[in-house]
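Breakdown of the fold
Each chain, letter by letter, is given below.
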Amino acid sequence: MSRAFPRAQTGLPRPQDALPLAGSRAVWWREMAAGEALRAPDAQERAAFSAAPAEICGLTLDRPRIMGILNVTPDSFSDGGRHFAHEDAVARARSMAAEADILDIGGESTRPGAREVPVAEEIARTAPVIRAIREAGIGTPISIDTRKAAVAAAALDAGADMVNDVTALRFDPEMAALVAERDVPVCLMHSVADPETMQQHARYDDVVAEVHDHLAERMEAAASAGIAPSRMIVDPGIGFGKVLAHNIALLQALSLFHGLGAPLLLGASRKRFIGTLGGAEDAAARMPGSLAVALHGAAQGVHILRVHDTAETRQALGLWSALAGQEEGVAHGA
């Protein structure tokens with residue numbers, strides 16, 4: 001059965017029954033008529049929408065934070081091969097550190113159709129780069145983008161600070177125990193099947209309800225494994241086992257995921273749906289559309305924006321913050 005959700009409102013005047021979304025003073029949430037199935041949220045649910053989220057890697061989440069994508073792979077869909085060489089990856093990390101709040105380093109492409117990379121090879125791609133970044137004196141928090149516990153462990157040993165798991169701890173049965181033992185933040189992303197076959201499983205009766213409930217279930221599984229709720233981040237997984245209509249529905253309903261009570265991450269940068277809607281076949285030409293989606297996410301209270309174009313996103317957010325009356329968040333590191 002399709003679930004009736006409350007809807008987000010992004011504009012003035014603020015309705016009397018509105019709640020401020022966590023991490024954003026510019027957006028307001030309220031119940032809107034959607035049939036008899038819609039019920040008023042209870043006190044705990046209302047608090048989840050507006051509670052200040054915990055810090056992540058020492059970063060407050062009272063404004064959108066930028067997570068810069070650094071793929072040390074030969075085959076990622078947008079920047080595959082550009083930073084595959086060790087020295088190129090470190091150089092990009094150095095420049096990105098001046099533009100982003102978190103560096104997200106991945107050694108395995110998870111684009112649709114991608115095949116699994118052996119653990120040893122993925123470690124060889126990522127751990128030395130992370131170690132070199134730290135040896136270069138770059139202190140920006142680092143996220144390891146992996147679904148494998150051994151890769152995550154090697155990255156954390158090399159100086160990474162958090163884990164970004166596109167399978168929300170489903171792929172490797174040892175991942176949850178590792179995250180709990182190391183007591184590091186973890187991003188739980190919605191996905192189906194595996195990257196090689198996920199687009200064959202892009203079938204939902206109600207994509208928003210099913211993604212929401214899947215993330216809630218994965219948060220419960222993480223908690224059962226000993227991971228503190230304050231260490232969890234959620235990501236609806238744009239493009240992972242979703243077609244255009246699914247991606248649009250999730251983006252329109254982003255604010256609803258605040259009800260899960262965890263910081264919200266959005267990773268839509270340069271993805272195919274942007275090219276489809278914006279007429280940009282080449283992934284590298286999707287920066288303008290990616291900025292539009294990032295600003296939409298910021299307006300829906302997203303806490304972390306995972307992007308390729310860090311400098312451009314920083315500038316766009318600075319203008320957005322100023323126009324929204326949030327000038328203190330304009331400058332990087334403010």
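Scroll up for the structure.
So, a few notes on the structure that sits alongside this text. Worth saying up front: this structure is predicted, and the values here are computed from it rather than measured.

Rules used in this analysis
Residues numbered from 1 in each chain as written. Predicted model: local features only at pLDDT ≥ 70, side-chain atom pairs only at ≥ 80, totals over all residues. Heavy atoms only, no water. Core = buried A, V, L, I, M, F, W, Y, C linked by side-chain atoms within 4.5 Å. Buried < 20%, exposed > 50% of the residue type's maximum accessible area, 1.4 Å probe, protein only. Contact = heavy atoms within 4.5 Å. Helix = DSSP H or I, 4+ residues; strand = E, 2+ residues; numbered from the N terminus. Axes fitted to C-alpha atoms, helices over the stretch in contact; angles between N-to-C directions. Parallel < 35°, antiparallel > 145°, perpendicular 65-115°, else oblique. Left-handed = near helix turned anticlockwise from the far one by under 90°. Arc of directions from axis to C-beta. Phe/Tyr/Trp six-rings, centres within 6.5 Å; stacked < 30°, edge-to-face > 60°. Lys NZ or Arg CZ within 6 Å of the ring centre and 35° of its normal. Pairing = 2+ DSSP bridges. Right-handed = clockwise from strand over helix to strand, strands pointing away. Salt bridge = Lys/Arg side-chain N within 4 Å of Asp/Glu carboxyl O. Polar contact = N/O pair within 3.5 Å; in protein donor to acceptor, adjacent residues only side chain to side chain. Nonpolar A, V, L, I, M, F, W, Y, C, P; charged D, E, K, R; others polar.

**A few points about the nonpolar core**
- Of all hydrophobic cores here, the largest spans 73 residues; its most connected members are I130, V163, L169, M175, L188, I227 and L266.
- Aside from chain neighbours lying at most four places away, what touches I130 is I105, I142, I144, A155, A158, G159 and A160.
- With 10 residues, the next largest nonpolar core counts I56, L61, C187 and L265 among its residues.

**Structural notes on unusual backbone geometry**
- At C57, a position not held by glycine, the phi torsion is positive, near 55°.
- For C57, the position within the fold is in the loop between α1 (43-50) and β4 (65-71).

**With respect to the packing of helix α4 (residues 149-158) against helix α5 (residues 175-182)**
- Contact geometry of α4 with α5 gives a least axis separation of 9 Å together with a crossing angle of 20°. On the basis of their axis angle, the class for α4 and α5 is roughly parallel. Crossing of α4 over α5 shows right-handed handedness. Judged by residue contacts, A149, A152, A153, L156 and D157 of α4 engage M175, L178 and R182 from α5.

**Things to note about α5**
- Three or more residues of α5 are buried, namely M175, A176, L178 and V179. Down the axis of α5, the buried side of the element spans an arc of 160°, and every buried residue falls inside it.
- Looking at the packing, one finds that the buried side of α5 touches α4, β7 (162-165) and β8 (186-189).
- Looking one or two places after α5, you find D183, whose phi comes out positive at around 55°.

**Examining the packing of aromatic side chains**
- With the rule as written, the count across this model stands at zero aromatic pairs.
- Stacked on the ring of F171, the Lys or Arg R147 has its end atom at 4.4 Å from the ring centre.

**Considerations on the pairing of β8**
- Of the two faces of β8, the one lined by V186 and L188 and the one lined by C187 and M189 are each fully buried.
- Sheet analysis places β7 next to β8, joined by three bridges and oriented parallel. Paired with N164 across the two strands is C187, which belongs to β8.
- Following the backbone out of β7, through α5 and into the adjacent parallel β8, one traces a crossover that is right-handed.
- Of the strand pairs in this sheet, β8 and strand β9 (residues 232-235) are connected by four bridges, and their pairing is parallel. Its bridge partner lying in β9, C187 is registered against I233.
- Handedness of the crossover joining β8 and β9 through helix α6 (residues 207-224): right-handed.

**A word on the pattern of salt bridges**
- Taken as a whole and assessed by the stated rule, the structure comprises 15 salt bridges.
- Between D62 and R63 there is a salt bridge whose closest N-O contact spans 3.3 Å.
- A residue is classified by how much of its surface remains accessible, and D62, at 45% relative accessible area, is partly exposed.
- Across the salt bridge formed by R65 and D101, the nearest N and O atoms sit 3.2 Å from each other.

**Things to note about the side chain of T310**
- As for its placement among the helices and strands, T310 is situated in helix α10 (residues 310-323).
- The exposure class of T310 is buried, given its relative accessible area of 1%.
- For T310, the side chain forms a polar contact with the side chain of R92, separated by 3.4 Å.
- Other than its neighbours up to four places away in sequence, T310 contacts I66, G68, R92, M96, E99 and A100.

**Digging into the pairing of strand β11 (residues 304-307)**
- Neither face of β11 is open: one carries I304 and R306, the other L305 and V307, and all of them are buried.
- Pairing analysis gives four bridges linking β4 to β11, with the strands arranged parallel. Looking at β11, one finds that I66 is bridged to L305.
- Pairing geometry for strand β10 (residues 265-266) and β11, over two bridges, is parallel. Looking across to β11, one finds that L265 is bridged to I304.

**Looking at the sheet that holds strand β6 (residues 142-145)**
- Taken together, eight strands build an open sheet; the order of strands is β9-β8-β7-β6-β5-β4-β11-β10 and the sheet is parallel. Each edge of the open sheet carries a strand with a single partner, namely β9 and β10.
- Across the sheet, helix α3 (residues 119-135) lies against β5 (102-106) and β6, angled at about 175° from β6, the strand it touches most.

**Some words on the packing of helix α9 (residues 287-299) against α10**
- Their axes nearest at 10 Å, the elements α9 and α10 cross at an angle of 45°. The pairing of α9 with α10 is recorded here as oblique in orientation. Here the hand of the crossing between α9 and α10 comes out right-handed. Residue-level inspection shows M287, L291, A294, L295, A298 and A299 of α9 in contact with α10, the latter providing E312, T313, A316, L317 and W320.
- Classifying every residue of the contact of α9 with α10 by side-chain character gives nine nonpolar, one polar and one charged.

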